[in-house]
Structure formats: C-alpha cells, structure tokens
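Residue-level listing of the chains:
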Amino acid sequence: MKILLVEDDVLLGDGIRAGLAQVGFVVDWAKDGREAELAVSAQVYDAVVLDLGLPLLPGLDLLRRTRASKNPVPILILTARDTVGDRIVGLDAGADDYLVKPFNLGELQARLRALVRRANSQVESVITHGALRLDSVGHRVTYEGRTVELSAREFTILHELLLNTGRVLSKARLEEKLYGWGEEIESNTIEVFVHHLRRKLSSQLIRTVRGVGYMIPKAAP
Ligand code: CA
C-alpha cells in the first residue's frame, strides 16, 4: 500500500516513514504543502497522512483543495492541535480520520489499514479468492491451505491485483505502488514479480493483457 506522508518535521517524518515501511507500506514523503499538493494530484495513493502546520500551503487548505477537486483519497490528519474544535473543522473539511501527536505508531498503522479497507469496501483484513487467502495485517498468503512465502514486493503486487479484481492494472500503476520517491526502479521488475507469483501460486491466477498490464479475473480459476 502506498502512502503520502505530509510532514515538515524531519525527525518525526523520518520516524513515521520508517515505522510505516516496517509493516510494508511504501511511503512518499512531502515536506511542504505545495509538494504534497503536486503529489496528490499526480499519483493514486491508498491514503494520506497529513500534518496541519505546513510551510507554503497549510494542511487544511490542502485538504479542502483535494476534496474540491473530487479526489476521494483517504486522509488522516496527524497533528498536535487537539481541541474538539480543531477535530471538527478537520473532519468537516473532508478528513477521514484524526490522530493527535504524540501518537502510538501501531495505532497509526492500524488506522491506515482501516481507512484503506473502507475505501476498498472491504470489511475484513483477509481477502479470499478461490483457493487463495491473503491476510493484509499478518502479511501472510496461503494457497490451497499451504503457506506461500512471498517477498514484500510480490505481496504488494498480489494485494493490489486482488483489491482490483476484474480491472487491468498497468505496469506503471504497479510500479508506483512498489517504489517511493528516490528509489530506483529496475526495468522489467513487474514481469519478474508476476512470474514469481505465478510459479509460487498458480499459473492461471494472473492474466497478462498484452500491451496494457495485468489482471486477476473476478471469478477464481
Ligand atoms: Ca508541522
């Protein structure tokens, strides 16, 4: 899952990024409101973690502009402003959740997972598709009852395809999910990961749509 972190405090941002990466989130980190606005309009994120006090463009303005542009990305406000009035203003401006600093990293991780589930109309953290079972919290995959060891990136691709069954996802879209800013994208990686997934799970699971991308059909094979 790909998160946009908007935080100008370098020390705190570094800690949040590391903490989210630890549980498998890929994080782009914007350190001011303008950079964040560009990012959120250019990429599809699974969720945004938004600080309110930001240089160049305040967090609340960014939030209002994002919603004014009909962008439904789940947004969690993470701020030291903790009066009831602040929370009401933030939620009414279009935020989906609100967490007050200092906060517990595990709680932030869990709230983000909940936001992403809700955005995908999922009620549980486990997705099943035929003989395949993916647990997005425990980061476990089983196929026909046996545990399948997947790398973090193989897991991410499988998760993304399962969240979008019946839809073709382009290589570019899958690459966006795998890499944060500044990370070098190796060529042909998506093909290689899909090849590994087919070998470890089933050759029938993931379809190649030539010239477009990859898809897991809605009906399990
Ligand atoms: Ca700040």
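It should be noted that the structure appears before, not after, this text.
Residues numbered from 1 in each chain as written. Predicted model: local features only at pLDDT ≥ 70, side-chain atom pairs only at ≥ 80, totals over all residues. Heavy atoms only, no water.

**Digging into the coordination of the calcium ion**
Under the convention used in this document: Note that water is not among the atoms considered, so a metal site may appear incomplete; the donors listed are N, O and S atoms within 2.8 Å of the metal, with 3.2 Å applied to Na, K and Ca. A run of H or I in DSSP becomes a helix once it reaches four residues, and a run of E becomes a strand once it reaches two; helices and strands are each numbered from the N terminus. Throughout, exposure labels follow a simple rule: accessible area from a 1.4 Å probe, protein chains only, divided by the maximum for the residue type, with under 20% read as buried, over 50% as exposed, and the rest as partly exposed.
Within the first shell, the calcium ion binds the protein through Asp8 (OD), Asp51 (OD) and Gly53 (O), at distances of 2.2 to 2.3 Å. Read in sequence order, the donor residues coordinating the calcium ion give the pattern D-x42-D-x1-G. Here aspartate 8, found in the loop between strand E1 (2-6) and helix H1 (10-22), pairs with aspartate 51, found in the loop between strand E3 (47-50) and helix H3 (59-68); they are 43 residues apart in sequence, far enough to count as distant. Among the residues examined, aspartate 8 registers a relative accessible area of 31% and is labelled partly exposed.

**Some details on the side chain of asparagine 71**
We apply this condition: Contact between two residues is taken to exist if any of their heavy atoms lie within 4.5 Å; hydrogens are not considered.
Tracing the sequence through the fold places asparagine 71 in the loop between H3 and strand E4 (75-79). For asparagine 71, a relative accessible area of 18% translates into the label buried. For asparagine 71, the contacting residues outside a window of four places in its chain are Val40 and Thr66.

**A closer look at the pattern of salt bridges**
Side-chain pairs of opposite charge can arise whenever the charged atoms involved come near each other. Operational definition: Between Lys or Arg on one side and Asp or Glu on the other, a salt bridge is scored when a side-chain nitrogen of the former is within 4 Å of a carboxyl oxygen of the latter.
Tallied over the entire structure, the rule returns 15 salt bridges. For glutamate 7, the salt bridge goes to lysine 101, with nearest N and O atoms at 2.9 Å. Taken as a pair, glutamate 7 in the loop between E1 and H1 and lysine 101 in the loop between strand E5 (97-100) and helix H5 (105-119) lie far apart in primary sequence, 94 residues in all. Here lysine 101 falls in the buried class, since its relative accessible area comes to 18%.

**Examining the sheet that holds strand E10 (residues 169-170)**
What links the strands of a sheet is backbone hydrogen bonding, and the strands pair in either a parallel or an antiparallel sense. Basically, it comes down to this: The criterion for strand pairing is that DSSP finds at least two bridges linking the strands in question. Convention adopted: a line fitted to C-alpha atoms gives each axis, helices being fitted over their contacting stretch, and angles between N-to-C directions are expressed from 0 to 180 degrees.
Reading across from one edge, E10-E12-E11 is the order of the three strands in this open sheet, with antiparallel pairing throughout. The two strands at the open ends of the sheet, each matched to only one other strand, are E10 and strand E11 (207-209). Taken together, the three bridges between E11 and strand E12 (residues 213-215) define a ladder with antiparallel strand orientation. Bridge pairing in E12 places valine 209 opposite glycine 213. Strands in contact with helix H8 (residues 189-200) are E11 and E12; relative to E12, the strand with the most contacts, it is inclined by about 25°.

**Some words on the sheet that holds E4**
Sheet architecture is open: five strands sit in the order E2-E1-E3-E4-E5, paired in parallel fashion. Across the chains shown, the open sheet's two edge strands, defined by having one partner strand only, are strand E2 (26-30) and E5. Across this sheet, the average inter-strand angle for adjacent strands is 20°, counted without regard to direction. In the sheet, E1 pairs with E3 via four bridges, with the strands oriented parallel. Bridge assignment links leucine 4 to a residue of E3, and that residue is valine 48. Here H3 sits on the sheet and contacts E3 and E4; the angle it forms with E4, its principal contact strand, is near 175°.

**What to know about the packing of helix H7 (residues 171-178) against H8**
Heads up, the rule is: These descriptions rest on fixed angle ranges, namely under 35 degrees for roughly parallel, over 145 for roughly antiparallel, 65 to 115 for roughly perpendicular, and the rest for oblique. When residues are sorted by character, Ala, Val, Leu, Ile, Met, Phe, Trp, Tyr, Cys and Pro go into the nonpolar class, Asp, Glu, Lys and Arg into the charged class, and all the rest, Gly among them, into the polar class.
Put simply, H7 and H8 touch, their axes get as near as 10 Å, and they point 85° apart. On the basis of the axis angle, H7 is roughly perpendicular to H8. Across the interface between the two elements, Lys171, Leu174, Glu175 and Leu178 from H7 touch Thr189, Ile190, Glu191 and Phe193 from H8. The class makeup of the residues in the contact of H7 with H8 is four nonpolar, one polar and three charged.

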